[in-house]
Amino acid sequence: MAKKKIDFMCTAFRDGFQSVYGARVLTPDFLPALEAARDAGIAYFEAGGGARFQSLYFYCNEDAFDMMDAFRATAGPDANLQTLARGVNVVGLESQPRDVIKLHAELFKKHGMTTIRNFDALNDVNNLIYSGQCIVDAGLKHQVVVTMMELPPGCTGAHDVDFYTNVLQQILDAEIPFDAVCFKDASGTAVPSKVYETIRQARKMLPADAYIHFHTHETAGVSLLANKAAIDAGADAIDLSLAPCSGGTCQPDLLVMWHALRGSDYTLDIDIDKIREAEEVFKECMSDYFLPPEAVAVEPLIPWSPMPGGALTANTQMLRDNGIMEKFPEIIHAMGEVVRRGGYGTSVTPVSQFYFQQAFNNVMFGEWEKIAESYGQMVLGYFGKTPVAPDPKIVALASKQLEMEPTTRSPLEMNEEDPTKGIEAARTQIKDRNLPETDENLFIVATCKEKGLTFLEGNAEVSVRKIDKESESTTPLASPNQSAEYTVTVDGKDHFLAFNGNNVVVDGNVYQVAMKPRAAGTERATDGEASTVLTAIQAQMPGILLKALVQPGDTVRSGETLFVLEAMKMEVPVAAPHDGVVKEVLVEVGQQITNGQELATLG
């Protein structure tokens, strides 16, 4: 009997990049590997969207539309190029009005994409209706999604077979047009037996010729079992990747899945030797990139704190950048409680980031002392209906801290009324900056906000973690602004300290610093001002200084926001502790700020 051919999408150049490098990969670096994969016979690629849209503007100083054009040119005219969309959020962390959702589909079609996989992290089908229709109307294939994960042990009420089949039935009842159905497990935690039964039931519910796709990650160590369960139950396709962006936080490797299916009734129908050659090209392309150790490991605790592979390394990258990587185990541990009390939205972007932000706040500021804005908006209903009702105590805290009332209104409806969202709001900002008004620029500003404008103005910076071989030099130089390494002894304990330009490494943690001589006359209190009491305004957490809203001489009131930091994809305000006059501003916009760093003095 002939073996059943299992289709696969190669995720190496989208989800693979997100899951290993926090989506921070420069386009010219990977195109030779894409060409090799094409020559090896792969014709179905994940080519953009999701985190690989914003990250190009935020970290790579590249245009995502140019990247998609280059991807199409390299993959060839016949390749199926698929991108990822987040329902009414499209490719951002916040939801959008209708005009932006429609423009998203039209632009992705214009720039060579074939298919859009469209999901809602809350499994709120209302968020898929308009977005799905726009995808089809633009002439793209629509792969509608049911998002999956395993609830932390001891939790019940959602994310079982009945829940998933109910979501699928809602999609069918809403008559959302689609070309395929995907069951997407971004955290890799869904129990294989549950995957099997869910897809078995879905096969009965759908037309006989319906195309079913399954997606998982290796983060929890069960991806091969889950993939096999999916295809045993009737799935037509799975997602696979290529080394070095495979295994660990990524999808299983093509070679590994091929090996696992040997002797079975299934085949991937690939030239395995050509795939091996393509992987070697890919490894060489990525050899200069820093490979986080957590990206290539199975994490046994993920079922208790379901962090998606695509979010795990993006967040550890930010923790490293901010010099607080030692907090990661605490944050992961705290995430389980955040999921339990937040309404069981699937841990996939953007909800996974909301979970991480709240866990981060619980570790840094104390449990539930500071509600992360997006997490609070989620439990209050501003992103749609959560699978179960969130903890009423957390809802009350969010309502009080954010000064927002709970809502059951449609996010799409609320976005239509928001004057800060949509194409016209973006057009105003573009005109104010004298930037070219194109559909692409409008969309970039609508979805990337201030960072999109920074990119379009030519002021974006590259923040890609590559291995700096020059920094390995151990020759100490006279100035700390040059390359030097030291052993510093504090209270009898040795610490490793290395300077390389504006980067300082302390015991393996990387900090960005700026040092300059203090100008004469800027002392805290001169002889004539001996009685003046100055208050140091300090950062409560590390991050990038996004906005400086004051300058020396400004009079401020207690509680007024003086600075805004960007930390862990959150905007964190720094407020005045009392009324006073700003005496000195010690930092600049774009500067990396360390925890406790002095930002200004207030008299």
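Look up a bit, the structure's there.
The rules behind these values
Residues numbered from 1 in each chain as written. Predicted model: local features only at pLDDT ≥ 70, side-chain atom pairs only at ≥ 80, totals over all residues. Heavy atoms only, no water. Core = buried A, V, L, I, M, F, W, Y, C linked by side-chain atoms within 4.5 Å. Buried < 20%, exposed > 50% of the residue type's maximum accessible area, 1.4 Å probe, protein only. Helix = DSSP H or I, 4+ residues; strand = E, 2+ residues; numbered from the N terminus. Contact = heavy atoms within 4.5 Å. Pairing = 2+ DSSP bridges. Phe/Tyr/Trp six-rings, centres within 6.5 Å; stacked < 30°, edge-to-face > 60°. Lys NZ or Arg CZ within 6 Å of the ring centre and 35° of its normal. Salt bridge = Lys/Arg side-chain N within 4 Å of Asp/Glu carboxyl O. Right-handed = clockwise from strand over helix to strand, strands pointing away. Axes fitted to C-alpha atoms, helices over the stretch in contact; angles between N-to-C directions. Parallel < 35°, antiparallel > 145°, perpendicular 65-115°, else oblique. Left-handed = near helix turned anticlockwise from the far one by under 90°. Nonpolar A, V, L, I, M, F, W, Y, C, P; charged D, E, K, R; others polar.

1. A few points about the nonpolar core
Step number 1: In terms of nonpolar packing, the biggest core is built from 171 residues, with Phe13, Phe45, Phe71, Phe183, Leu242, Tyr375 and Phe443 touching the most fellow members.
Step number 2: With nine residues, the top contributor of residues to this core is helix α19 (residues 439–456).
Step number 3: Once you skip the residues sitting within four places of it in the chain, phenylalanine 183 turns out to touch Val146, Met148, Leu168, Thr198, Ile199, Ala202, Ile212, His213, Phe214 and His215.

2. Here we look at the side chain of threonine 216
Step number 1: On the secondary structure map, threonine 216 appears in the loop between β8 (212–215) and α9 (223–233).
Step number 2: Looking at threonine 216, the relative accessible area reads 1%, which means it is buried.
Step number 3: The residues touching threonine 216, leaving out its near neighbours within four places in the chain, are Asp185, Gly188, Ser223, Asn227 and Gln251.

3. Some remarks on the sheet that holds strand β22 (residues 598–602)
Step number 1: Reading across the sheet, the four strands line up as β15-β22-β20-β17 and stay open at both edges, with antiparallel pairing between neighbours. Strands at the two margins of the open sheet, each flanked by one partner only, are β15 (535–538) and β17 (555–556).
Step number 2: Bridging between strand β20 (residues 580–585) and β22 involves three bridges; their strand directions are antiparallel. Directly across from valine 582, in β22, lies its bridge partner leucine 602.

4. What to know about the packing of aromatic side chains
Two numbers describe a pair of aromatic rings. These are the distance of the centres and the angle of the planes.
Step number 1: Throughout the structure, instances matching the rule amount to 22 aromatic pairs.
Step number 2: Ring geometry for phenylalanine 58 and tyrosine 59: centres 6.1 Å apart, planes at 80 degrees, overall edge-to-face.
Step number 3: Relative to phenylalanine 108, the ring of phenylalanine 65 has its centre 6.1 Å away and its plane inclined at 80 degrees; by these criteria the two rings are edge-to-face. One end of the pair, phenylalanine 65, is in helix α4 (residues 64–75); the other, phenylalanine 108, is in helix α5 (residues 98–110), and 43 residues separate them in sequence. Pair check on accessibility: phenylalanine 65 and phenylalanine 108 agree, each one buried.
Step number 4: A network of ring pairs unites the aromatic residues Phe13, Phe17, Phe30, Phe45, Phe71 and Phe282 as a single cluster.
Step number 5: Above the ring of tyrosine 130, the side-chain terminus of arginine 98 is found at 5.5 Å from the ring centroid.
Step number 6: Directly above the ring of phenylalanine 58 sits lysine 451, whose terminal nitrogen or CZ lies 4.5 Å from the centroid.

5. Description of the pattern of salt bridges
Step number 1: One pass over the full model with this rule turns up 25 salt bridges.
Step number 2: Taking the shortest distance from any N to any O, the salt bridge between arginine 341 and glutamate 337 comes out at 3.6 Å. Remark: glutamate 337 and arginine 341 occur in helix α13 (residues 328–341); sequence separation between them is four residues, near one turn of the helix.
Step number 3: Among the salt bridges present, the one from glutamate 450 reaches arginine 433, with a minimum N-O distance of 3.0 Å. Residue glutamate 450 is located in helix α19, and its partner arginine 433 is located in the loop between α18 (423–432) and α19; the two are separated by 17 residues in the primary sequence.

6. Topic: the pairing of strand β5 (residues 115–118)
The side chains of a regular strand alternate between both faces of the sheet.
Step number 1: With burial as the criterion, each face of β5 is covered, one bearing Thr115 and Arg117 and the other bearing Ile116 and Asn118.
Step number 2: Each parallel crossover has a hand, and the one from strand β4 (residues 80–85) via α5 to β5 is right-handed.
Step number 3: Of the strand pairs in this sheet, β5 and strand β6 (residues 141–147) are connected by four bridges, and their pairing is parallel. Within β6, the position partnered with threonine 115 by the bridge is lysine 141.
Step number 4: Remark: the β5/helix α6 (residues 126–137)/β6 crossover connection has right-handed handedness.

7. Describing the pairing of β22
Step number 1: Of all five residues that make up β22, four are buried, and the element is covered over most of its length.
Step number 2: Both β15 and β22 contribute to a ladder of four bridges, which runs antiparallel. Residue isoleucine 537 lies in a different strand from β22, and its bridge partner there is alanine 600.

8. Some words on the environment of alanine 37
Step number 1: Assignment of secondary structure puts alanine 37 in helix α2 (residues 27–39).
Step number 2: Apart from the residues within four sequence positions on either side, alanine 37 is in contact with Phe13, Ile42, Phe45, Leu242 and Ala278.

9. Focus: the packing of helix α8 (residues 192–205) against α9
Step number 1: Direction vectors running N to C along α8 and α9 enclose 25 degrees, while the axes themselves pass 8 Å from each other. Regarding the angle of α8 to α9, the classification is roughly parallel. Taken as a pair, α8 and α9 cross one another with a handedness that is right-handed. In contact with Pro192, Val195, Tyr196, Ile199, Arg200 and Arg203 of α8, α9 contributes Leu225, Ala226, Ala229, Ala230, Asp232 and Ala233.
Step number 2: Tallied by class, the residues present in the contact of α8 with α9 amount to nine nonpolar, no polar and three charged.

10. As for the side chain of threonine 447
Step number 1: Within the element layout of this structure, threonine 447 appears in helix α19.
Step number 2: Discounting residues that sit within four places of it in the chain, threonine 447 has contacts with Phe53, Gln54, Val90, Val91, Gln96 and Val100.

11. Some remarks on the environment of glutamine 597
Step number 1: Relative to the assigned elements, glutamine 597 resides in the loop between β21 (592–593) and β22.
Step number 2: With 61 residues separating them in the primary sequence, glutamine 597 and alanine 536 have C-alpha atoms 9.4 Å apart.

12. Notes on the packing of α2 against α4
Step number 1: At their nearest, the axes of α2 and α4 sit 9 Å apart, and the two run at 25 degrees to each other. For the element pair α2 / α4, the angle class is roughly parallel. Crossing hand, α2 versus α4: right-handed. Contacts from Thr27, Phe30, Leu31, Leu34, Glu35 and Arg38 in α2 reach Met67, Ala70, Phe71, Thr74 and Ala75 in α4.
Step number 2: Of the residues belonging to the contact of α2 with α4, the class tally is seven nonpolar, two polar and two charged.

13. So, unusual backbone geometry
Step number 1: Residue proline 244 follows alanine 243 across a cis peptide bond; omega there is 15 degrees.
Step number 2: Topologically, proline 244 is positioned in the loop between β9 (237–240) and α10 (254–260).
Step number 3: With an omega of 5 degrees, the peptide bond running from threonine 349 to proline 350 counts as cis.
Step number 4: Relative to the helices and strands, proline 350 is located in the loop between α13 and α14 (351–365).
Step number 5: In this model, histidine 159 sits at a positive phi of 55 degrees, which is unusual for a non-glycine residue.
Step number 6: Here the phi dihedral of glutamate 403 falls at roughly 55 degrees; this positive angle occurs in a residue that is not glycine.
Step number 7: Its location among the elements puts glutamate 403 in the loop between α16 (392–402) and α17 (411–417).

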